[in-house]
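What follows is the residue order along each chain.
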Amino acid sequence: MSEVQAAVPMVPIVQVRQADAPGIPFPEGTDLLQVLWCPYAHGEYCYPLPQIHWRDSGVIKDILPTPEPVKDLPKDWYPDPCVVHPEQVTEYPSWDLSRDTHDALQARFKELKATTGLYYWYHLAEAPGIKLGGYPGWTQEPCWPDCEACGGRMEHLLTVASEEFDGESWRTWLPVEDRTDSGWTEAADNPAGLCLGDVGGVYIFECRTCPDRPIGHWFDCS
């Protein structure tokens, strides 16, 4: 952080129950994932700093009210209240494809475009938007963090993105219920009302080898 800052309430970002995320290995004794972040700008690229909490919902008693946005801090780092409806999808790497694999598949990418009008990168690779697991929807080149404890590469846990899709990827990733004759409903591309940098995203990683499940994070934008 660039300067001394007063304590502020952490911002609740997303809450997911284990029953709604069967592909994510929850730590033993937990069934609730809660993600919060500090709304002050952190790091070289100025982004909110995330925290991960795995909890047992059975021992939660009093539910505190959501804190109000703090004056003079970015309002679009505070998500609008909305409900998460998790949906499992199959995705494939784009930026994370090795050069050899990319070259080997180049002819098939061109055939796909010629026969269907779809681009592998936009329409069939990693899902855009806010998501658990899978591949990070990188805007820039990949930056996978290593665990400081064991040295192994961390696994992607969560992406918090500014938008759910863009002017091209919506063709295959926009839910059917959000489609209209002209494209999509007004709130479909950004139901949480977030804007992180220049339409960027915060990527959260974890080490599932170490018992305390340490986390890492990265931010990029266009």
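If you're wondering where the values come from, they're calculated on a predicted model, not measured in any experiment.

> Quick question: what am I supposed to make of the overall build of the protein chain here?
Along its length, the protein chain carries three helices and nine strands. In the protein chain, the succession of α and β elements from N to C terminus is β-β-β-α-α-β-β-α-β-β-β-β. Against the 2.2 N^0.38 benchmark of 17 Å for 222 residues, the protein chain shows a C-alpha radius of gyration of 19 Å, consistent with a compact globule. Projected onto its principal axes, the C-alpha coordinates of the protein chain cover approximately 55 × 45 × 40 Å. Buried residues in the protein chain amount to 36% of all 222 residues. In the protein chain, the share of contacts with a sequence separation of at least 24, taken over all contacts with a separation of at least 6, comes to 66%. By element, 51% of the accessible surface of the protein chain is carried by carbon and sulfur atoms, the whole surface being about 13400 Å². Taken as two groups, the 15 positive and 35 negative side-chain charges of the protein chain have centres that lie 3 Å from each other.

> I keep staring at empty space enclosed by the protein and nothing clicks. Help me out?
A probe as big as a water molecule, rolled over the atoms, marks out the empty space that is left. One pass over the structure, following the stated rule, counts one cavity of 30 Å³ or more. The volume enclosed by the largest cavity comes to roughly 30 Å³. Around the largest cavity, the lining residues are Ile130, Ala161, Ser162, Glu163, Glu164, Asp189, Asn190, Pro191 and Ala192. Considering only residue class, the lining of the largest cavity consists of four nonpolar, two polar and three charged.

> Got a minute to help me understand the sheet that holds strand β9 (residues 215-220) in this structure?
In a beta sheet, neighbouring strands pair by backbone hydrogen bonds and run either parallel or antiparallel. As summarised here, the arrangement of the four strands in space is β4-β5-β8-β9, forming an open sheet in which the pairing is antiparallel. With one partner strand each, in any of the chains shown, β4 (131-132) and β9 form the two edges of the open sheet.

> Hey, could you run me through helix α1 (residues 99-116) in this one?
Side chains three or four residues apart in an α-helix point the same way, a direct result of the helix having 3.6 residues per turn. The end-to-end C-alpha separation of α1 is 24 Å, in line with the 26 Å expected for 18 residues at 1.5 Å each. If you look at α1, its biggest bend is around 50 degrees, right at leucine 105. Those residues of α1 not exposed but buried are His102, Phe109 and Leu112. Buried residues along α1 sit against α2 (120-124).

> Help me understand unusual backbone geometry, please; the structure alone is not making it clear to me.
Generally, phi is negative for residues other than glycine and the peptide bonds are trans, each holding for most cases. Phi angles above zero are rare outside glycine, and cysteine 46 is one such case at about 60 degrees. Residue placement: cysteine 46 occurs in the loop between β2 (32-42) and β3 (47-55). We note that valine 199 has phi near 55 degrees; this positive angle belongs to a residue other than glycine. Note on placement: valine 199 falls in the loop between β7 (183-184) and β8 (201-206).

> Explain the layout of surface pockets to me, please; I cannot follow it from the model alone.
The space that makes up the second largest pocket amounts to roughly 540 Å³. Forming the boundary of the second largest pocket are 24 residues, of which Pro128, Gly137, Trp138, Thr139 and Asp166 lie nearest the centre. When contributions to the lining of the second largest pocket are tallied by element, the ones reaching two or more residues are α2, β5 (155-161) and β8. Among the residues making up the lining of the second largest pocket, the classes are represented as ten nonpolar, ten polar and four charged.

> Explain the pattern of salt bridges here, please?
Any two side chains of opposite charge can pair, so long as their charged atoms come close to each other. Taken as a whole and assessed by the stated rule, the structure comprises six salt bridges. The closest approach of N and O atoms between lysine 131 and glutamate 91, which form a salt bridge, is 2.9 Å. Note that lysine 131 is positioned in strand β4 and glutamate 91 in the loop between β3 and α1, a separation of 40 residues in sequence. With its nearest N and O atoms 3.4 Å apart, the salt bridge here joins arginine 99 to aspartate 103. Of this pair, arginine 99 and aspartate 103 both sit in helix α1, four residues apart, roughly one helical turn. A residue is classified by how much of its surface remains accessible, and arginine 99, at 56% relative accessible area, is exposed.

Cut-off values and rules
- Within each chain, residue numbers correspond to sequence positions counted from 1 in written order.
- Only residues with pLDDT of at least 70 are given local features in this predicted model, and only at 80 or more are side-chain atom pairs given and counted; all residues enter the totals for whole chains, interfaces and linings.
- Excluding hydrogens and water, the side-chain values take into account all heavy atoms of the structure.
- Secondary structure elements are defined from DSSP: runs of H or I of at least 4 residues count as helices, runs of E of at least 2 residues count as strands, and each element is numbered from the N terminus.
- Note on method: radius of gyration uses C-alpha positions; expected globular size equals 2.2 Å times residues raised to 0.38.
- Three labels apply to residues, based on accessible area from a 1.4 Å probe with only protein chains included: buried if under 20% of the type maximum, exposed if over 50%, partly exposed otherwise in between.
- Contact between two residues is taken to exist if any of their heavy atoms lie within 4.5 Å; hydrogens are not considered.
- Per-residue accessibility takes into account occlusion by the displayed protein chains alone, with areas from the Shrake-Rupley method and a 1.4 Å probe.
- None of His or the chain ends enter the tally, which takes Lys and Arg as positive and Asp and Glu as negative.
- A charged residue contributes its charge at one atom only: NZ of Lys, CZ of Arg, CG of Asp or CD of Glu.
- Site definitions follow a grid-based scheme: protein atoms alone, a 1 Å grid, a 1.4 Å probe that fits but cannot get out for cavities, and for pockets an open set with protein on both sides within 12 Å along at least five of seven lines, plus lining residues having an atom within 4 Å of a point.
- Grid points are joined across faces, edges and corners, and a volume is the space filled by probe spheres set on the points.
- Residues are grouped as follows: nonpolar covers Ala, Val, Leu, Ile, Met, Phe, Trp, Tyr, Cys and Pro; charged covers Asp, Glu, Lys and Arg; every other residue, Gly included, is treated as polar.
- When DSSP finds two or more bridges between two strands, those strands count as paired.
- Multiplying one less than the number of residues by 1.5 Å gives the expected span of a helix.
- What the bend at a residue measures is the angle between two axes, fitted to the seven residues ending there and to the seven starting there.
- One speaks of a salt bridge when a side-chain nitrogen belonging to Lys or Arg is within 4 Å of a carboxyl oxygen belonging to Asp or Glu.

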